[in-house]
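# Commentary on secondary and tertiary structure
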Amino acid sequence: MDFNPFATVKEEIDLSPQISDEVKTSTCYMCACRCGIKVHMKDGKIRYIEGNPDHPVNKGVLCAKGSSGIMHQNAPAKLTKPLLRVGERGSGEFKEIEWDEALELATNWLGETRAKDPGKLAFFTGRDQSQSLTGWWASAYGTHNFAAHGGFCSVNMAAGGLYTIGGAFWEFGDPDFDRTKYFMMLGVADDHDSNPIKIGLGKMKTRGDCKFVAVNPSRNGYGAIADEWVGIRPGTDGLFIFAIIHELLRAEKIDFASLARYSNSPWLVIQNPGGADDGLFVRGKKGEPLVWDLKKKKAVSAHSKNFTPAFAGKRKVGRKTVVPAFELLASRYMAAEYAPDAVAETCGIGADTIRRIAAELAHAAFAEEVVIDQAWTDAWGRKHDKMIGRPVAIHAMRGISAHTNGFHTCRAIHMLQALLGSIDTPGGWRYKPPFPKPIPPGDKPTPPHYKPNTPLGGPSNGFPTSPDDLVVGADGAPLRIDKAFSWEYPLALHGMMHMVLRNAAEKDPYAIDVLFMFMANMAWNSSMNIGETLGFFTAKNADGTYKIPKIIYSDAFYSETVPYCDLILPDTTYLERYDCLSVLDRPFSAAHGVADGIRQPVVPLDRDVRAFQTVLLDLGAKLGLPGMVNGDRSPKFPGGYPDYLVNHERKPGIGPLAGWRGKDGDKSGIGEPNPNQLDKYIENGCFWSEEMPLDIQFFKHANQAYLDYAKKMGWIGAAKPVVFQLYSEDLQKFRLAAQGHGERQPPEKDRERIETYFDPLPIWYKPFEERDVDADEYPLHALSQRPMHMYHSWGSQNTWLRQITNVNKLHIHKDMAMSLGIIDDDWVWIEGRHGRVKGQVKLIKGVNKNTVWTWNAVGKRKGAWGLKHDSPEFNKGFLLNHIISDVLKPNKHGHEFSNSDPVTGQAAWYDLRVKISKCAPEEFGTTYPIYDAVKGPVSDMEVSRYGADLKGSKT
Amino acid sequence: MTSLPKTAPKKKLGLVIDLDICVGCHACAVNCKEWNTSGKSAPLTDLNPHGKDPDGVWFNRIHTYETMNDTGESRTVHFPRSCLHCDDAPCVTVCPTGASYKREEDGIVLVNEDICIGCKLCSWACPYGARGYDETEGVMKKCTLCVDKIYNKNLPEESRVPACVSTCPTGARHFGDLNDPGSDVSKLVAAREGYALMPEQDTKPVNRYLPPRPKQMQTVDQTPRALIHEDTSSDAAPLLARWVDKILSV
């Protein structure tokens, strides 16, 4: 061989290294999106996590969160063993105990409470993807005090949708990105549906025949790629929508044919001011609503096959004076107060812009129809030879719902969709099965029974349709610890976890015995008013005992909440356990077909931790809860959660998983348990999906073949059409009570609120914090949202993600900053009526001038999450939560209501008003407040060389 | 001091990045980190991963910033930045040991870490700041275009693209042979007027960026700027009166 010392050494590269010993599929849980993943394992370690190309949610792509799963699995804050508090609450002094002892303690605490009054257990499950299990468990235990985290998340979105169209944005419906011609996205924090939205936007923009309008105070993320950014003032979206509706009505750009068929807008409403039936629908002999038939010149059943309804005009039916609901709707929104010129200043949007957007929406809906050549038959037997779409798609998220006017704003958006005739049409916004559901779904919240050792007898949460369904005492007082379903927050469908600690510590309405929480950071970024909330955890009675006597908490990580609890049941990570993404729960279906899925253990357990769901079933068996034990009190699901997933039946033939049911696995939806069901899921990539034929993919609310299919699958009780309730009689029933009608009357402190906010048609009002503070003193709106690479992720201490973001700055408009004498990177005080925090600013143009915003949950409490104490998250990152009050200023009756939507109890994170001032020079450099460090484990890692030993092929 | 291939590579593999649909989500950056930390240049070391100023080796980073046009209109831009695999790669010619080199087969610019002395000349020479020095190993690391993935026979055919491309949720990243005018990427560049970054540096980058499309305003152009009201009085009564007996649902 020639030797040439000057020649360059040619590198030998292994182009085909062996990547993995094994590839396991599962479902991601780095956020709430539930994408399919393929996990490449090598030498027992994770080599690579990629999106599963076959999976219906993400189709092979994977976001930054999902791609950082390796560092989630290797997080320094993982809990390793059950912990029992030995010091004071908050001290973080624990001793490690064995599982036997932990479970015995928990069983004793829970058993003692159940033997006295099961309702004295408050069970709140936070970031819970197993609510069909946890809710069932709560009901079997016997407590009505159960909910997950929806009350402080986006219940306005769910309630607004479920009470209007029988579905809602995100989990219950998708924009038709393949066909839409006009896509409008409203609200900050738009990344709930992380990968599907991104996939959709990419396709839609690449298609190139659709306009994308972002209505958002901030132009980050998706707003940056929109064709038009409308920098609306926070909390005014409802007014903006009304002005659009005003324009459409006045121009008669309304899909009357669709409204006649699919909505209650022609239904006749009784006009009897002061009467007990005022504002209710006039009904026929069988209780059916009526419409005025213009051809027959009389009232006919709204359920009849053919009618030519009047949309306006006062008429008599019997002795009652009636008008079509549409007249009430039209006369409200055609009024001058909702003209674009009238709302422009409040919304911070030019009237010309509003008029133009209304014109564009009308043009897209009516001049750019999308037609699919597919015959279908509606629920009244009328045959349609084509599917005609009005290709306006809308998506809205947290920015709309996290205001005290969010419920009505959500309803307003759905009303706009209905007026344009775009709901579940080609190019519009489409339901994802098992939605649509009846409006609202049939379950009612179950009141407490105060009987020892007795199941609740029904679900703790449900859908009230009148004051009769409220969970209140004879005096009208709340009976739930969170005051959900009371006159204070009647439609608090998802409970109000954000009020539990205050109410329990103040024993208002009563003291509880045990608080049991799962995966909710209530001592930090999941609570408003953190300072006082920590005080609720530690509040003591005169005798030195805690006002909240016992707190059990399950989590996988040492979060800020761990040191404030008594008994810690350490959970597994999403890569270590079985899980279920159930159609009974929060489905991840697509508009064209249903889907559900599982997680399977991918990484072997290396700690003494157990999956929360398995622990819950174990506790249920130890407590002897019905459904969790056999006749001889032996555990019904000795195999834990996977055993339950396969063998539990909610109703005969209906279980957590819909795929491969039946003994031979040949049934879907309904069928007896299949012992090989999990194997079938794993074989198929840990998901099941069933695409529906084209003729049932649209108009699902009124498509008979779809409704028959939904009934067959067990999703709806009867194959009846879902008629959009633009005018809500349910809401009117509450309002009538407030006007003095009916047996069940609101307490005086609630009467005016109920009368005002239970308007049967959407209304707009100033968000409460804005109403209650001096706008000159606190001139700015303050919002927090999470960056896409951390949205919904549990623990942004992630080694890779924190390299992208480890401090959050306050984004402020350049002109506003200039007027305040503030320049880039200055430290500022951000002060609200409830206190002040300190942070550093970043000047931008792409934000509403009266708004400042920051990334949420980047700021952490020193000592948590395994980070070293000099981490920027502790010393520079800040939360606005400190200055968001959890209660409003007292009303004229002296009552402090929650800082929440008056209809649904949704936490109003985005109502905050602040003033900004530059810090003194000596105040620069660190945030405020910085609490004392909690005593969590601290990483001593100086260098991470993850992957070094996984390189190349095995030798 | 190190030679580029004597004859220009027949294939010029590279990336085409669509700035019209990049939403700045960092998926590409993190998935790249994930693949490559056990890949050819393993590990992509992280310094002080759980403490102050955590900083590691990344091959791809996303910058989000605002720009202003002549009329004072601002826009938010998300800009992913990685090695452009230049034809005239100054990081190669400046390398004193031959560690930095451009592959003859496909034009990918790589570092042979076995002979890299960590002098950092290449990172000084690169006008794009595309290289990452691994302090603990004393060698330079950089985007490999996932050379151990794109040809990997242990992976299914559809996975043989760089990690940043397969993972991109919006489909903003494309991979292919930019020397072949018939390739999908070349066609895309032609159709969308894809451009090279800072061509004045004369390094002849292979990667291309697709500029944002013109804003979709076609709906506006075809329609009046505002709807024509059927009635212009200040209250709702006249229109409602017209609707009383009108068959609207046709």
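Residues numbered from 1 in each chain as written. Chains lettered and ligands numbered in written order. Predicted model: local features only at pLDDT ≥ 70, side-chain atom pairs only at ≥ 80, totals over all residues.

The number of helices and strands found in chain A is 25 helices and 35 strands. A compact globule built from 955 residues should have a C-alpha radius of gyration of about 30 Å, and chain A, at 28 Å, falls within 12% of that. Counting only C-alpha atoms, chain A reaches 95 × 80 × 75 Å along its principal axes. Out of the 955 residues belonging to chain A, those deemed buried represent 64%. (Helix = DSSP H or I, 4+ residues; strand = E, 2+ residues; numbered from the N terminus. Rg over C-alpha atoms; globule rule 2.2 N^0.38 Å. Buried ≥ 20, exposed ≤ 12 C-beta atoms within 10 Å, placed from the backbone.)

Each helix and strand counted, chain B has eight helices and 11 strands in total. In summary, chain B has a C-alpha radius of gyration of 25 Å against a globular reference of 18 Å for 250 residues, an excess of more than 25%. Overall, chain B is about 90 × 50 × 45 Å in size when its C-alpha atoms are taken along their principal axes. For chain B, the proportion of contacts with a sequence separation of at least 24, taken over those separated by at least 6, is 60%. (Contact = placed C-beta atoms within 7 Å.)

A few words now on the environment of Ala159(A). Topologically, Ala159(A) is positioned in helix 5 (residues 155–162). With residues near it in sequence (within four places) discarded, Ala159(A) still touches Phe407(A), Leu491(A), Leu493(A) and Thr904(A).

Our focus in this paragraph is the packing of helix 16 (residues 612–622) of chain A against helix 17 (residues 640–647) of chain A. Describing two packed helices takes the angle between their axes plus the distance from one axis to the other. Residue and element names in this part refer to chain A. Direction vectors running N to C along helix 16 and helix 17 enclose 80°, while the axes themselves pass 7 Å from each other. Classed by the angle they form, the pair helix 16 and helix 17 counts as roughly perpendicular. From helix 16, Gln613, Thr614 and Leu617 reach across to helix 17, where they touch Gly640, Tyr641 and Tyr644. (Axes fitted to C-alpha atoms, helices over the stretch in contact; angles between N-to-C directions. Parallel < 35°, antiparallel > 145°, perpendicular 65-115°, else oblique.)

Now for the sheet that holds strand 3 (residues 45–51) of chain A. Residue and element names in this part refer to chain A. Reading across the sheet, the three strands line up as 1-2-3 and stay open at both edges, with antiparallel pairing between neighbours. Across the chains shown, the open sheet's two edge strands, defined by having one partner strand only, are strand 1 (22–27) and strand 3. With direction set aside, neighbouring strand axes in the sheet form an average angle of 30°. (Pairing = 2+ DSSP bridges.)

Each partner contributes residues to the interface: chain B has 84 residues there, and chain A has 102 residues. If one sorts the elements of the side of chain B that touches chain A by residue count, helix 1 (residues 27–36) of chain B sits on top with seven residues. Tallied by class, residues from the side of chain B that touches chain A come to 35 nonpolar, 31 polar and 18 charged. Strand direction decides the pairing type here: strand 35 (residues 943–944) of chain A and strand 2 (residues 46–47) of chain B, joined by two bridges, are antiparallel. For Ser944(A), the partnering residue across the bridge sits in strand 2 of chain B and is Asp46(B). (Nonpolar A, V, L, I, M, F, W, Y, C, P; charged D, E, K, R; others polar.)

On to the sheet that holds strand 15 (residues 315–317) of chain A, then. Residues and elements named next belong to chain A. Strand order in the open sheet made by the three strands is 12-16-15, with antiparallel pairing throughout. Two strands lie at the open edges of the sheet, namely strand 12 (268–270) and strand 15, each paired on one side alone. Neighbour to neighbour, the strand axes of the sheet diverge by 50° on average, direction disregarded. Inspection of the sheet shows strand 12 paired to strand 16 (residues 320–324) by three bridges, in the antiparallel sense. If you follow Val269 over to strand 16, its bridge partner there is Val323.

Turning our eyes to something else, we now look at the domain arrangement of chain A. Residue and element names in this part refer to chain A. Partitioning chain A into domains gives domain 1 (84–106 + 119–126 + 455–570) and domain 2 (773–923). If you average the C-alpha positions of domain 1 and of domain 2, the two centres end up 26 Å apart. The interface of domain 1 with domain 2 comprises 22 residues on the first partner and 22 residues on the second. For the side of domain 1 that touches domain 2, the per-class residue count stands at 13 nonpolar, six polar and three charged. (Domains from an automatic or database assignment.)

Turning next to the packing of helix 20 (residues 729–738) of chain A against helix 21 (residues 748–757) of chain A. Residue and element names in this part refer to chain A. Taken N-terminus to C-terminus, the directions of helix 20 and helix 21 make an angle of 140°; their axes are 8 Å apart at the nearest point. The orientation of helix 20 relative to helix 21 falls into the category oblique. For the pair helix 20 and helix 21, the sense of crossing is left-handed. Judged by residue contacts, Phe734, Arg735, Ala737 and Ala738 of helix 20 engage Arg751, Ile754 and Glu755 from helix 21. (Left-handed = near helix turned anticlockwise from the far one by under 90°.)

Residues and elements named next belong to chain A. Cis geometry marks the peptide bond from Phe435 to Pro436; its omega dihedral reads 10°. Among the secondary structure elements, Pro436 is positioned in the loop between strand 22 (429–431) and helix 14 (500–505). Along the chain, Asp508 connects to Pro509 via a cis peptide bond; the corresponding omega equals 15°. For Pro509, the position within the fold is in the loop between helix 14 and strand 23 (514–518). Its identity is not glycine, yet Ala857 carries a phi of approximately 60°, on the positive side. The topology assignment puts Ala857 in the loop between strand 33 (851–855) and helix 25 (872–875).

What follows deals with helix 3 (residues 99–116) of chain A. Its 18 residues give helix 3 of chain A an end-to-end C-alpha distance of 26 Å, which sits within 8% of 26 Å, the value for a rise of 1.5 Å per residue. In this structure, the buried side of helix 3 of chain A is in contact with strand 6 (121–124), helix 4 (131–141), strand 23, strand 24 (550–555), strand 25 (567–570) and helix 16 of chain A. (Expected span 1.5 Å × (residues − 1).)

Further remarks concern the nonpolar core. Residue and element names in this part refer to chain A. Grouped together as the largest cluster of nonpolar side chains are 372 residues, with contacts concentrated most on Phe240, Ile244, Ile245, Leu268 and Leu361. Per-element accounting of this core gives the leading share, nine residues, to helix 7 (residues 237–250). Built from parts of two domains, this core gets at least three residues from each of domain 1 (84–106 + 119–126 + 455–570) and domain 2 (773–923). (Core = buried A, V, L, I, M, F, W, Y, C linked by C-beta atoms within 7 Å.)

Glancing now at helix 11 (residues 351–367) of chain A. All names here are of chain A. Between its first and last C-alpha atoms helix 11 spans 23 Å; for 17 residues at 1.5 Å apiece the expected length is 24 Å, and the two agree. Summarising burial for helix 11: 12 of the 17 residues are buried, a large majority. Of all the residues in helix 11, the buried ones are Ile354, Arg355, Arg356, Ile357, Ala358, Ala359, Glu360, Leu361, Ala362, His363, Ala364 and Ala365.

Next up on the list: the pairing of strand 1 (residues 13–18) of chain B. Of all six residues in strand 1 of chain B, six are buried, a share of seventy percent or more. In strand 1 of chain B, alternate side chains face the same way, and those of Leu13(B), Leu15(B) and Ile17(B) on one face and Gly14(B), Val16(B) and Asp18(B) on the other are all buried.

Residue and element names in this part refer to chain A. Mapped onto the secondary structure, Val155 falls in helix 5. Each C-alpha atom, one on Val155 and one on Asp341, is 32 Å from the other, the two residues being 186 residues apart in sequence. Excluding anything up to four places from it in sequence, Val155 contacts Gly150, Leu493, His494, Thr904 and Gln906.

In this section: the environment of Val514(A). Residues and elements named next belong to chain A. In this structure, Val514 sits in strand 23. Look at Val514 and you get buried, because 22 C-beta atoms sit within 10 Å. Separated by 10 residues in the primary sequence, Val514 and Ala504 have C-alpha atoms spaced 9.8 Å apart. Not counting the four nearest positions on each side in its chain, Val514 is found in contact with Trp109, Leu110, Thr113, Leu121, Lys550 and Ile552.

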